[in-house]
Amino acid sequence: MRAVKTRHFLQLVLLSALWGASFLFIRVASPVLGPNVMAALRIGLATLTLMGIMRWAGEPWPWRHWRELLGLGTLTVAAPFLLYAWAALHLPAGYSSLLNTMAVPFGVIAAAWMKEDTLSARKWAGCLCGFAGVALIVQLGPVEPNSAVLLAAGACVTAAACYGLSLTWMKRATKRMSPLSIAAGIHAAALVLLLPGAAWTMPTARFTPEALAAVAVMGIVTSGLAYWLNLRVLKHVSPVAAMSSAFMIPLFGVAWGHIFLGEALGPGMLWGGALVLVATGLVTGFNPLQWLGALRRTAD
């Protein structure tokens with residue numbers, strides 16, 4: 001696997017920062033709006049955002065690929081958004097962000113099975129470092145193992161599996177469609193799937209300013225714009241490298257919680273963050289020493 005270029009690595013870090021914040025926003029909005037309404041509003045805003053960009057860019061809709069977009073929209077948007085929204089009713093944001101890293105082993109196996117990448121000891125070592133790192137960062141406290149918690153954890157693992165298993169399929173789609181048209185198409189398809197459930201539960205939703213603000217940020221930024229950026233990166237890196245951002249998501253999730261919600265930082269933050277960076281390097285092949293050397297040679 002080729003090493004990830006610096007600009008793509010930095011874009012993966014940016015995506016991690018955005019998606020790390022989304023777990024906090026989900027935790028704020030889902031109990032108030034309800035999982036169905038929150039997920040549909042988030043996807044609807046993302047669809048409108050991407051439609052506006054498509055119109056500005058003069059890019060046509062990929063109608064002839066509607067079956068593929070429907071399948072991808074189900075696996076990468078509709079199912080995981082709804083599952084994480086439901087899990088937020090029972091799990092802290094840190095738990096959900098930690099379980100999100102399960103996308104990586106599922107993705108590694110899927111990429112190898114579809115001949116898009118190869119398994120190696122380095123990649124598995126990166127996965128282990130990543131799991132250890134996020135465990136230290138999040139520092140999960142005791143949670144009563146009741147049926148609701150177990151089901152919510154299972155929902156998070158299922159959502160992560162959807163991401164991991166579909167990423168290679170998504171990469172192949174970038175060879176037939178542009179990243180922008182894919183991002184818009186999968187969100188539009190997901191919106192159609194979730195609208196009936198959202199309409200059914202709409203009477204029980206409470207549209208508070210905080211919940212609506214959280215959904216607006218998620219829909220416009222962490223879903224619409226971020227998915228477009230993710231697909232642009234995926235076009236140039238392997239599926240396994242693209243999934244390395246999953247290891248950095250809890251790092252940013254904890255940091256945003258500390259900055260904006262006043263959540264305490266545990267002693268595992270430093271060592272966990274270091275392990276996350278090591279994991280990212282192992283999975284992507286990105287070597288910061290080579291990057292610094294290239295910068296030094298450029299300056300000379």
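The shown structure was predicted, so the numbers you read here are calculated from the model rather than taken from an experiment. (Residues numbered from 1 in each chain as written. Predicted model: local features only at pLDDT ≥ 70, side-chain atom pairs only at ≥ 80, totals over all residues. Heavy atoms only, no water.)

Asks: Would you mind going over the packing of helix α1 (residues 6–33) against helix α9 (residues 209–234) with me for this structure?
Replies: Helices that pack against each other are described as a pair by the angle of their axes relative to one another and the distance between those axes. In the contact formed by α1 and α9, the axes pass within 9 Å of each other and the chain directions differ by 150°. The angle between α1 and α9 falls in the class roughly antiparallel. The two elements α1 and α9 cross, and the hand of that crossing is left-handed. Tallied by class, the residues present in the contact of α1 with α9 amount to 21 nonpolar, five polar and one charged. (Axes fitted to C-alpha atoms, helices over the stretch in contact; angles between N-to-C directions. Helix = DSSP H or I, 4+ residues; strand = E, 2+ residues; numbered from the N terminus. Parallel < 35°, antiparallel > 145°, perpendicular 65-115°, else oblique. Left-handed = near helix turned anticlockwise from the far one by under 90°. Nonpolar A, V, L, I, M, F, W, Y, C, P; charged D, E, K, R; others polar.)

Asks: In this structure, what is going on with helix α2 (residues 35–57)? I would like to understand it.
Replies: Structural remark: α-helix, 3.6 residues per turn; residues separated by three or four positions point the same way. The first and last C-alpha atoms of α2 sit 33 Å apart over 23 residues, in line with the 33 Å expected at 1.5 Å per residue. Directly beyond the C-terminal end of α2, a positive phi value near 70° is found at Gly58. (Expected span 1.5 Å × (residues − 1).)

Asks: Help me understand the nonpolar core, please; the structure alone is not making it clear to me.
Replies: Grouped burial of nonpolar side chains is what soluble globular proteins tend to show. Counting 75 residues, the largest nonpolar core has Ala29, Met38, Ile182 and Ile186 as its most contacted members. Setting aside chain neighbours within four positions, we find Ala29 in contact with Gly34, Met38, Ala211, Ala214, Val215 and Met218. (Core = buried A, V, L, I, M, F, W, Y, C linked by side-chain atoms within 4.5 Å. Buried < 20%, exposed > 50% of the residue type's maximum accessible area, 1.4 Å probe, protein only. Contact = heavy atoms within 4.5 Å.)

Asks: What is the right way to look at the environment of Gly185 in this model?
Replies: Relative to the helices and strands, Gly185 is located in helix α8 (residues 179–201). Classification of Gly185 by relative accessible area gives buried; the value is 6%. In the structure, Gly185 is positioned 119 residues away from Trp66 in sequence and 7.8 Å away in space, judged by C-alpha atoms.

Asks: Just to check I follow, could you spell out the pattern of salt bridges for this structure?
Replies: Once the charged atoms of two side chains with opposite charge are near each other, the side chains can pair. On inspection of all chains with the given rule, the structure shows one salt bridge. A salt bridge links Arg176 to Glu68; the shortest N-O distance between them is 2.3 Å. On the criterion of sequence distance, the pair formed by Arg176 in the loop between α7 (147–173) and α8 and Glu68 in helix α3 (residues 66–87) is long-range, its members being 108 residues apart. On the basis of relative accessible area, Glu68 is assigned to the buried category, the value being 13%. (Salt bridge = Lys/Arg side-chain N within 4 Å of Asp/Glu carboxyl O.)

Asks: Hey, could you run me through the side chain of Thr49 in this one?
Replies: Within the fold, Thr49 resides in helix α2. Take Thr49: its relative accessible area is 17%, and that puts it in the buried class. Every residue in contact with Thr49, bar those within four places of it in the chain, is listed here: Ile220 and Leu225.

Asks: Looking at this model, I keep getting lost on the packing of aromatic side chains. Mind explaining?
Replies: Enumeration over the complete set of coordinates arrives at five aromatic pairs. Residues Trp19 and Tyr227 carry aromatic rings whose centres are separated by 6.0 Å and whose planes lie at 65° to one another, so their mutual orientation is edge-to-face. Here Trp19, found in helix α1, pairs with Tyr227, found in helix α9; they are 208 residues apart in sequence, far enough to count as distant. Among the residues examined, Trp19 registers a relative accessible area of 14% and is labelled buried. Using a relative accessible area of 6% as the deciding quantity, one classes Tyr227 as buried. When the ring of Phe23 is compared with that of Tyr84, the centres are 5.3 Å apart and the planes differ by 90°; the resulting orientation is edge-to-face. Of this pair, Phe23 sits in helix α1 while Tyr84 sits in helix α3, placing them 61 residues apart in sequence. By relative accessible area, Phe23 is classed as buried at 8%. What links up through ring pairs into an aromatic cluster is the set Trp19, Phe81 and Tyr227. Sitting above the plane of the Phe81 ring, Arg42 keeps its charged end 3.8 Å from the centroid. (Phe/Tyr/Trp six-rings, centres within 6.5 Å; stacked < 30°, edge-to-face > 60°. Lys NZ or Arg CZ within 6 Å of the ring centre and 35° of its normal.)

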